[in-house]
Amino acid sequence: MAKELYIDLSRCQGHARCWAIAPETFGIDDEGYAYVIEGREGSYDEENVRKAIRNCPERSILIRETEESQ
Amino acid sequence: MSEQKEVVEDFDFHGEALDEIFEDYDVMLNKCPVGHSSKYGGFTYIAKSEDIFAAEQDPDTFAVAPSMLLPSFGTDDPLIPIDIDPPTHAGYRKILLPLFTPMNIASLEPGMVETAKQLAEDVISAAADNDGVADVSKLFARPMPTIVFSRLAGYPEEDWPKFDQWVDDIIYRRTKEPEVAYAAGGKITEYFDAMIKKREAEGGEYNDLLDKVLNSQVDGRELTHEEKISYSFLLFLAGLDTTAWALRSSLWYLAGNPKAQQQLRDNPDEIPTAVEEFLRTLSPVQAMARTCLKDTVVQGKEIKAGERVVLVFGAGNRDPEVYEDPHDIKIDREDNRHLAFGGGIHRCLGSNLARKEMVIGLEEFLKRVPSFEHAGGEVWHGVGPLTLRIGKE
Ligand code: SF4
């Protein structure tokens, strides 16, 4: 099992704290909502990313288990 | 210290009540996190961070209609989008949300820097003419958002001098003199009624928020004239007052704390983190109202359908369960998931703009204005005078 970082878009309200704190990992789309930059899904343990998780007002930055990709 | 009170009687969050509101918050948080006040027609308040968060995530139980504002903003019409509940709310919000992304806000940065620079110079020359003393609220904290937001929104420059009075009449006089607030509300309605009609008659190309409001669709139709006025009314008050307060209260704090002031002057890259702490502790929005739609229980207290409920963001922001030494303003506080902009579907649309204005405003002010201290002993809250003595370089 591997883990990946993702945004729960049903909760994200576009505060953009994630982007302000960890811009190498989070982007904000044209509508104003957050996404995890491609290739950064595994960065959930980095200090900046943990800080973004702690500061997201909607608690919408989450980590999930994924099936190991073949 | 005197014995701590057991309850907060008739909790209020406007005007003079703000003088000692942080003490009220302590009592609420420690002894009565959900309670009742008879002010403004009666309401139940919710003080703890976690409970406020939960309420904001549950608009089916805690609706905004008839209004998030208590007392009202000089009008009985619901303001778009903040007084609108799902499912209609999302369409209104979508109109402007894309314009308030941090990337879009970044494009305004050069203009903001220029404005802040100019206003800081005005502060310096006013002080030079007046024994080193200047009102930085009037000269800096208020004009900065007026200029920045009016340009973004599309309000003609010749109208700007009228704005402060309208804001004061509505936001600061509504509790004691509602008739004054309603009179100003009437003027703002007339102002936008005329501006919208004029634009629509003349056509023309604009690239501003008003244009967006006039030319966007909701549920596949254009907004009605009344909806356009309502949206404009809300933007006007939201864009001008809150940021002025936030800038003023940040400067108020720094004037009384020379160490923090010097720290940020020497290390401007620490300003964004400090801004979050000022927002947490000295925010312009201490509380917002909801209406309970179904009987519910919070912290063991029953809240009945139909009751007005006030989410006390300012108290949640000083909740000891969330913040270490909650009353200490630590400009380097890193974990700061505060409620200054609210959360959930009604999260402040302008938060990224407000943050940018605060950061740039403080940067330019600290860069240009030499060390300053209080000369008038004014209160922390509001947008009234902030008289500072400004040192020589
Ligand atoms: S901080 Fe949270 S709510 Fe805000 S944009 Fe990022 S993920 Fe969304």
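Scroll up to find the structure.
Cut-offs and rules
Positions within a chain are numbered from 1, following the residues in the order the chain's sequence is written. A letter from A marks each chain and a number from 1 marks each ligand, given out in the order of writing. Given that this is a predicted model, residues contribute local features only at a pLDDT of at least 70 and side-chain atom pairs are listed and counted only at 80 or more, while totals for whole chains, interfaces and linings are drawn from all residues. For the side-chain quantities, the full set of heavy atoms in the structure was used; hydrogens and water were omitted. Going along the chain from the N terminus, every DSSP run of H or I of four or more residues is numbered as a helix, and every run of E of two or more is numbered as a strand. Using C-alpha atoms as the atom set, the radius of gyration is obtained and then compared with a globule rule of 2.2 Å times the number of residues to the power 0.38. Exposure categories follow from relative accessible area, calculated using a 1.4 Å probe and restricted to protein chains: below 20% of the type maximum is buried, above 50% is exposed, and the middle band is partly exposed. Working rule for contacts: check all heavy atoms of both residues, and any pair within 4.5 Å makes them a contact. Note on areas: Shrake-Rupley, 1.4 Å probe, and residue coverage restricted to the protein chains presented here. We count Lys and Arg on the positive side and Asp and Glu on the negative side, and we leave His and both chain ends out. Think of each charge as sitting on NZ of Lys, CZ of Arg, CG of Asp or CD of Glu. Fitted lines through C-alpha atoms give the axes, limited to the stretch in contact for helices. The angle between two N-to-C directions lies from 0 to 180 degrees. Any angle from 65 to 115 degrees is called roughly perpendicular, while one under 35 is roughly parallel, one over 145 is roughly antiparallel, and all others are oblique. Helix crossings get a hand from a simple test, with the near helix turned counterclockwise from the far one by less than a right angle marking a left-handed crossing and a clockwise turn marking a right-handed one. Here, a salt bridge means any Lys or Arg side-chain nitrogen found within 4 Å of an Asp or Glu carboxyl oxygen. By definition, the buried area sums, over both parts, the 1.4 Å-probe accessible area that each loses when the two are put together. What qualifies as a polar contact is a pair of N or O atoms within 3.5 Å, subject to a donor-acceptor requirement within protein and to the restriction that residues adjacent in sequence count only when both atoms come from side chains.

### A few points about the overall build of chain B
A count of helical and extended segments in chain B gives 15 helices and 12 strands. Here the C-alpha radius of gyration of chain B, 21 Å, is about what a compact globule of 393 residues would show, namely 21 Å. In terms of principal-axis extent, the alpha carbons of chain B reach across some 65 × 60 × 40 Å. Counting every position in chain B, which comprises 393 residues, the buried fraction comes to 57%. Long-range contacts, defined as pairs at least 24 residues apart, comprise 70% of the intrachain contacts of chain B with a sequence gap of at least 6. Working note: accessible area of chain B is about 16,600 Å², and carbon and sulfur atoms make up 50% of it. Within chain B, one finds 41 positive and 69 negative side-chain charges whose respective centroids are separated by 1 Å.

### Quick notes on the packing of helix H7 (residues 143-153) of chain B against helix H15 (residues 351-368) of chain B
All names here are of chain B. Where H7 meets H15, the axes come as close as 11 Å, and the angle between the chain directions of the two elements is 135 degrees. As far as their axial angle goes, H15 and H7 are oblique. Viewed along their axes, H7 and H15 form a crossing whose handedness is right-handed. Contacts from Met144, Pro145, Val148, Phe149 and Leu152 in H7 reach Leu353, Glu357, Ile360 and Gly361 in H15.

### Regarding the pattern of salt bridges
Pairing between side chains of opposite charge can happen when the charged atoms of each approach one another. Residues and elements named next belong to chain B. One pass over the structure, following the stated rule, counts 33 salt bridges over all chains. With a shortest N-O distance of 3.8 Å, arginine 368 and glutamate 121 are connected by a salt bridge. With arginine 368 in helix H15 and glutamate 121 in helix H5 (residues 109-128), the pair connects residues that are 247 residues apart, well separated along the chain. One salt bridge connects arginine 221 with glutamate 227, and the closest N-O pair in it is separated by 2.8 Å. Since its relative accessible area comes to 34%, arginine 221 is described here as partly exposed.

### Here we look at the interface of chain B and chain A
Listed by partner, the interface residues are 21 residues for chain B and 21 residues for chain A. With both chains or domains summed, chain B and chain A bury close to 1,900 Å², and 45% of this area falls on carbon and sulfur atoms. Linking chain B to chain A there are four salt bridges. Between lysine 51 of chain A and glutamate 334 of chain B there is a salt bridge whose closest N-O contact spans 3.0 Å. Where chain B touches chain A, the interface holds 13 residue pairs in polar contact (both at pLDDT 80 or more).

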